[in-house]
Amino acid sequence: MITKKIGLFLFLPIALAIFILPRIPFNGNLSTIKLVSEKELAELALLDSNFSQEKNVTFLLLEHESSFNAPEAFKVIQQITHRLTNLSQVETVISITSLKITNNKPLKPEYEHLNRNQLNEYLSSQINSIRKKKDIYHKFISPNGKYALIYITEKPKTKLDLQSKIKKWPELRKPISSYIFTPNNSRVAENIFYSETSFLVLVSLISVICIFYLFIGSWKGILFSLLFIFFNFSTTIIFIWLFNFKLTIHLIPLPGLIIVFTLSDILHILYQQSQLRDNISSSKILRKRITHQLSKPILFTSISNAFAYIIFLIFTEHQSIFELTTITLSSILLSFLSSRFIAIKIFNPSTVYIKAQRISRIQNWRILNKVQIKNSKKSLVFTTTLAFLLFFVAQRKVQINDNNFLETNTSELKAQQILSNSFFGNYTGHIQISINEDDSIWKLNHLKEIETVERMINQIFVPKYLTSPVLIAKRAHRYRLGQKNEAFKLPNFDTNSWKSYLVNYHKQFGSQDVVSENNNSYRLIFGFNEPTLEQRLEKFKNLEKQLKRISKDDIRFKLLSIDYLSDLSTVRLTNELMKAWSLSAILTGILIIFVLKSAMSGFAFILTNLIPLLLAVIIMNFLNLPFNPQSLFFLALLSGICIDDSIFIMFSKAKSRKEIEFFPILTTSAVLAAGLFCFVFSNFDWLRPFFWVFLTGIASALILDILFLPSFKKIALK
């Protein structure tokens, strides 16, 4: 029975969490997902601060069914550009038709609206000319001509809803379609977070309720479990708020984790209540007996769940992973405390949470009693051999890679893919260029050295774009020779007047990203596509080696890229966490040996839980799921699920297989699998297949717990 005191204690945090949740800040900057330490991020930020800080740019991406190279398509771009410049929230618009190149204006956007005659004149005189200037033309029109790009910046303190504006524009209809993309758009990421999380929670709860009712046949048991799920979720939200953590896209699976942690304990408590209630009339004695039966298994289940995450916490240097791990550990602790010290205190002998018929029906399933292991020693040899074989297969192909945190089948992802494939690439490389204090970057010898670096990059990466002081010098040289395309090269002279000209006018040729405001810091930037982390890292390391080789006393090159640092951190952290994960399993086994005072029990425990995890790793390889800190986080959760029932079997007083209570084992496995079924409906490619990984692990752990672990326990008891 829920007293007023306990009811207030349970429902008050739920009400408080409803009030707090909308007030917790959301970090929607997807660049923070990069696994770079805070120290490295600070160093990169300091370097970036030397350069002009561009305002947040929104890309309007136009797609043509045939090509934008035709004059009629350019007229459409010009009309859309004019409409954009008339929007009150827009500060600047740059497109291929607004960027005029003349002999007396190096690069200057023009926002005037051209009438039909003026536009025809412009198209005939300018388009053919600018098309030959590929360094400019391909910033606006893709190499295949199918896509056109318009760069838009908003005025300060305004909110531009571009999607609703362009819906009514007659120019944006067949054969032209449009996409909008804002890099690191917090609003988009926040919408993804709340919509995805809400949907997954709904699917998870519906699945859990259906399977739960099928097994226990009681709405009271379901409502009791839901109450503690909501309580634990609410207290976790309060924990996030108290410690000033931010919500991030990493936390999408968090409700599923809380459901798992809560149900794994609550189900066993409900089962014990249903088994003891008929022979006990006193609520106090009933609670005391349940506590005596379950205090150790619940404690050691929580400890075993926490082991891997504690080691995660020790190894990680990344803030998002640190926060996710800390929040998960708090969920484990809160689930343990609520189960051990609140849930048990509610019980009385008169309330039916699980129907007795359901228990006896499952407990007496023929298949459970028919399939038995007769020779315990042979089964031990078999499972040991199987574990070694699976380990050999699992470790042969471990693919370390990162995740895409944008949803599938959305306009944002479509726009990102087009931008990556046709304009900028998915990844960037930054090369810091250092010269002596009294030297000039515009010396011909320095520019030729930088040009050598450009050739290296073109050979190693095949970049989508490349910007450097060399590009600026080539544009300036072309401009000084009357915009002749053949003049797009470094000059063969190195005069003081030439260097002085570049010092004074380099900004007019687009140097903001590669030459600092005070002309004392320089860099080279390039973008490229490379789907696998392994190949990307190999190319980065090759470039870093080449840069060290060609660096001299008067000009030095250093690879400084957030993607490179993130790749290095991902590989290092993944390898460390895999070792930590293995260590946590061993520590749990040692803990079992210490508590049960049986080495055989510890070995049996490790063996029966190692096989499901090895099978999960093999399934991950089969499904081409990458190994990284996020996926290892899920494997740590799976480890906790597998360990849960094994601990209850090891701590039970059953001395033979017939005495083992199969109902709670089957019920927890089925309900937890149902709770994780929501991943199938996720809009994230990296998250969706994890249900099959969990299902493989849970199913194999169930088989081992029912068939083999009782036999191993029998050997240990001899």
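To start, this report covers the structure provided alongside it.

Rules used in this analysis
- Residues numbered from 1 in each chain as written.
- Predicted model: local features only at pLDDT ≥ 70, side-chain atom pairs only at ≥ 80, totals over all residues.
- Heavy atoms only, no water.
- Pairing = 2+ DSSP bridges.
- Helix = DSSP H or I, 4+ residues; strand = E, 2+ residues; numbered from the N terminus.
- Axes fitted to C-alpha atoms, helices over the stretch in contact; angles between N-to-C directions.
- Contact = heavy atoms within 4.5 Å.
- Core = buried A, V, L, I, M, F, W, Y, C linked by side-chain atoms within 4.5 Å.
- Buried < 20%, exposed > 50% of the residue type's maximum accessible area, 1.4 Å probe, protein only.
- Arc of directions from axis to C-beta.

Moving on to the sheet that holds strand E6 (residues 176-181). Strand order in the open sheet made by the four strands is E2-E5-E1-E6, with antiparallel pairing throughout. The outermost strands of the open sheet, each flanked by one partner alone, are strand E2 (90-94) and E6. Sheet twist, expressed as the average angle between the axes of neighbouring strands with direction ignored, equals 25°. Here E2 pairs with strand E5 (residues 147-154) via four bridges, running antiparallel. Among the inter-strand pairings, isoleucine 94 is bridged to a residue of E5, identified as tyrosine 151. Most of the contacts of helix H3 (residues 71-85) go to E5, to which it runs at about 10°, and overall it touches strand E1 (57-64), E2, E5 and E6. Along the sheet, helix H15 (residues 411-424) makes contact with E1, E5 and E6, crossing E6 at roughly 95°.

The next thing to look at is the nonpolar core. Core analysis: the biggest nonpolar cluster contains 171 residues, and Ile431, Leu543 and Leu635 have the highest contact counts within it. Top element by residues in this core is helix H22 (residues 629-651). It accounts for 15 residues. Leave out the neighbours within four places in its chain, and leucine 543 touches Ile431, Met456, Ile457, Ile460, Phe461, Phe526 and Leu559. The next biggest cluster of nonpolar side chains, apart from the first, holds 40 residues, and it includes Leu84, Leu87, Val93 and Leu172.

In this section: helix H12 (residues 356-363). When H12 is considered as a whole, its buried residues turn out to be Arg358, Ile359, Ile362 and Gln363. Down the axis of H12, the sector holding all buried residues measures 120°, keeping them to one side. Away from the buried face of H12 by more than 90 degrees, exposed residues Ala356 and Arg361 are located.

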